[in-house]
Amino acid sequence: TTPRPLQLERWLLKDPRDRKTLDTLRAAVALKHKELRKLLKEQVHIGTLLKDLRLGGKPPVRDDIDAGVAGIRKESNSPAFADLVGDMWKEMRMFSTPFYEEKLTESLEQLRKASAAAEGAYHGAKME
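Residues numbered from 1 in each chain as written. Predicted model: local features only at pLDDT ≥ 70, side-chain atom pairs only at ≥ 80, totals over all residues. Heavy atoms only, no water.

So what exactly am I meant to see when it comes to the overall build of the protein chain here?
On a plain count of helices and strands, the protein chain comes out with four helices and zero strands. Starting at the N terminus, the α and β elements of the protein chain follow one another as α-α-α-α. Long-range pairs, those at least 24 residues apart, make up 68% of the contacts in the protein chain between residues at least 6 apart in sequence. Taken as a whole, the protein chain presents about 9900 Å² of accessible surface, with 59% of it coming from carbon and sulfur. (Helix = DSSP H or I, 4+ residues; strand = E, 2+ residues; numbered from the N terminus. Contact = heavy atoms within 4.5 Å. Areas by Shrake-Rupley, 256 points an atom, 1.4 Å probe, with all protein chains shown as cover.)

Just checking my understanding: could you explain a nonpolar patch on the surface for this structure?
Judged by side-chain polarity, Phe 81, Leu 84 and Met 88 come together as a nonpolar surface patch covering roughly 300 Å² of accessible area. Along the chain, the position of Met 88 falls in helix α4 (residues 79–127). Among the residues examined, Met 88 registers a relative accessible area of 43% and is labelled partly exposed. (Patch = residues over 30% accessible without salt bridge, like charges linked within 9 Å, V, L, I, M, F, W, Y side chains within 5 Å. Salt bridge = Lys/Arg side-chain N within 4 Å of Asp/Glu carboxyl O. Buried < 20%, exposed > 50% of the residue type's maximum accessible area, 1.4 Å probe, protein only.)

When you look at the pattern of salt bridges in this model, what are you seeing that I'm missing?
Oppositely charged side chains can form a pair if their charged atoms are brought close together. For the coordinates displayed, the defined rule picks out three salt bridges. Across the salt bridge formed by Arg 73 and Asp 83, the nearest N and O atoms sit 2.5 Å from each other. Of this pair, Arg 73 sits in helix α3 (residues 59–76) while Asp 83 is found in helix α4, placing the two residues 10 residues apart along the sequence. Look at Arg 73 and you get partly exposed, because its relative accessible area is 34%. For Asp 83, a relative accessible area of 36% corresponds to the partly exposed category. Among the ionic pairs, Arg 112 bridges to Glu 109, the shortest N-O distance being 3.1 Å. Of this pair, Arg 112 and Glu 109 are both found in helix α4, three residues apart, which corresponds to roughly one turn of the helix. Relative accessible area serves as the criterion here: at 42%, Arg 112 is assigned to the partly exposed category.

I'm lost on α4 in this one. Help?
Residue pairs three or four apart in sequence face the same way in an α-helix, which turns once every 3.6 residues. Along its 49 residues, α4 runs 66 Å from first to last C-alpha, staying within 8% of the 72 Å computed at 1.5 Å per residue. At Thr 97, α4 shows its largest bend, some 45°, and a proline, Pro 98, comes one to four positions later. (Expected span 1.5 Å × (residues − 1). Bend = angle between axes of the 7 residues up to and from the residue.)

What exactly am I supposed to notice about the side chain of Gln 43 here?
As for its placement among the helices and strands, Gln 43 is situated in helix α2 (residues 19–54). A polar contact of 3.2 Å, which involves the side chain of Gln 43, links it to the backbone oxygen of Leu 111. Among all residues touching Gln 43, those that are not within four sequence positions of it are Leu 108, Leu 111, Arg 112 and Ser 115. (Polar contact = N/O pair within 3.5 Å; in protein donor to acceptor, adjacent residues only side chain to side chain.)

Please explain the confidence of the model for the protein chain as it appears in this structure.
Interpretation of the predicted coordinates at a detailed level should be avoided for regions scoring low in pLDDT. For the protein chain, per-residue confidence averages 82 on the pLDDT scale, and residues scoring 70 or more make up 80% of the total. α4 holds the highest mean pLDDT among the elements of the protein chain, 88, whereas helix α1 (residues 5–12) holds the lowest, 58. (pLDDT = per-residue confidence, 0-100.)

Honestly, unusual backbone geometry in this entry has me stumped. Any pointers?
In most cases, non-glycine residues show a negative phi, while peptide bonds are predominantly trans. Its identity is not glycine, yet Asn 77 carries a phi of approximately 55°, on the positive side. Within the secondary structure, Asn 77 sits in the loop between α3 and α4.

Below, the structure written as structure tokens:
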């Protein structure tokens with residue numbers, strides 16, 4: 001039978017020369033786990049962005065635009081110009097949203113594939 005990881009660890013610790021092998025295996029498992037964790041965090045981040053886009057944009061985006069418009073209004077002393085720039089920013093966001101959503105969806109699919117491969121590599125490293 002194949003020794004389980006704990007049995008293997010006990011077996012390796014019998015010979016001090018093999019501690020290096022055990023440390024190498026542990027480092028490989030830790031590295032694979034770190035890669036997997038990074039991919040999963042990125043998936044969550046992109047999923048949150050997509051959710052916000054599909055809900056029509058979250059209010060902080062509009063708050064940012066309104067803050068920018070207020071700054072322009074204050075600096076230029078021209079409310080009409082500030083409103084024009086604010087409307088342009090809102091339209092830019094509105095028209096770029098479908099393309100941004102498509103790009104995020106593609107990125108999410110790539111991350112899902114990469115994380116499935118990374119999960120397999122992680123479990124493989126754990127079993128070594």
